[in-house]
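Analysis of the macromolecular model
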Amino acid sequence: MKNSTYKLIVMLLSLTIIIGGCVLLYQTLADKISLDEQMQSSGDAAQKTAPDFTAVDEDGVEHKLSDYRGKPVIVNFWASWCGPCKAEMPHFQTAWETYGEEVQFMMVNMSTGFGDTREKSSKFLTDGSFTFPVFYDDNSEAAIGYGLSGVPMTLFVDADGYIRNIARGMLTQERLESGIEALLSD
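The model shown is predicted, which means the values in this text are computed figures rather than measured ones.

Thoughts on the pairing of strand β8 (residues 162-168)
Across two bridges, strand β1 (residues 48-49) lies against β8 in antiparallel orientation. By the bridge assignment, T49 is partnered in β8 with Y162. Pairing of strand β7 (residues 153-157) with β8, which is carried by five bridges, proceeds in the antiparallel orientation. Note on β8: the bridge partner recorded for L155 is I166. Between the end of β7 and the start of β8, which pair antiparallel, lie four residues, with G161 showing a positive phi angle near 90 degrees.

The structure is reproduced here in C-alpha cells:
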C-alpha cells in the first residue's frame, strides 16, 4: 500500500512538471509567433507596423500609440519590481531630457498582469525623480498586443508607425541613444 501511494505521488508530480513545462513552452512560442505575425501584418516584411494600443496616464487620460504618428516613439514596457527595468530608468530619463522634443517617450508600466501597482510604480518614480511620460497598461491591451512575456522590452517606432528595432532586456545608455539616433536619421 505504501509503495503504490509513493508511486502515485511521484507519477502525479512528474505529470504536473511535464504539463507545466509544456504550458510554459507553448506560451513562449505563442508569444513569439503572435508578435511576429502582428509585426508583419502590413504585408511588407521590411516594414513592421507597430500594433496600436491604448494606455492611460496618471490622470486617467487615454493615449494611443497611433496618437504620436508623425514623431518617432520609444515605447518601454517596465515594472517597478523589475531590477533591470530600474537599472535602465536613469538612461531613459537622460534620453528624455535630451531628445524629448524630437521623440515621444511612452514609458508603459505593466500595472496589470505583471504584479505591479500604480502605488508601487508612483513611489518608485517619485523616489527616483523620474519625470518622463508614464502610462499604465491597466487593461493589458499593450501586453497582449505585443505578446509580452517579460520586462523590460523597448520598441523603437519610426514616425510612420513602423517598428525599427526591438530590445528585449535592459538597455545600456549607448544602445538607447544609438536606437534613438537611428530613428532620427530616417
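And the narrative resumes.
Regarding the confidence of the model for the protein
On average, residues of the protein carry a pLDDT of 85, and 84% of them reach 70 or more. Overall, residues 24-45 carries pLDDT values under 50, and its contacts beyond four positions in sequence, including any with other chains, amount to 18 contacts.

Let's talk about the packing of aromatic side chains
Applying the stated criterion across every chain, the model contains six aromatic pairs. Measuring from centroid to centroid gives 6.1 Å for F53 and Y146, while their planes differ by 80 degrees, and the two rings are edge-to-face. On the criterion of sequence distance, the pair formed by F53 in the loop between β1 and β2 (54-56) and Y146 in the loop between α4 (141-145) and β7 is long-range, its members being 93 residues apart. Given a relative accessible area of 0%, F53 falls into the buried group. Between the aromatic rings of F77 and Y146, the centroid separation amounts to 5.7 Å while the plane-to-plane angle is 50 degrees, which identifies the pairing as tilted. With F77 in strand β4 (residues 73-78) and Y146 in the loop between α4 and β7, the pair connects residues that are 69 residues apart, well separated along the chain. You'll find F77 and Y146 in the same group, each marked buried. Aromatic ring contacts, followed pair by pair, group W78, F124, F130 and F132 into a single cluster.

The rules behind each value
Residues numbered from 1 in each chain as written. Predicted model: local features only at pLDDT ≥ 70, side-chain atom pairs only at ≥ 80, totals over all residues. Heavy atoms only, no water. Pairing = 2+ DSSP bridges. Helix = DSSP H or I, 4+ residues; strand = E, 2+ residues; numbered from the N terminus. pLDDT = per-residue confidence, 0-100. Contact = heavy atoms within 4.5 Å. Phe/Tyr/Trp six-rings, centres within 6.5 Å; stacked < 30°, edge-to-face > 60°. Buried < 20%, exposed > 50% of the residue type's maximum accessible area, 1.4 Å probe, protein only.

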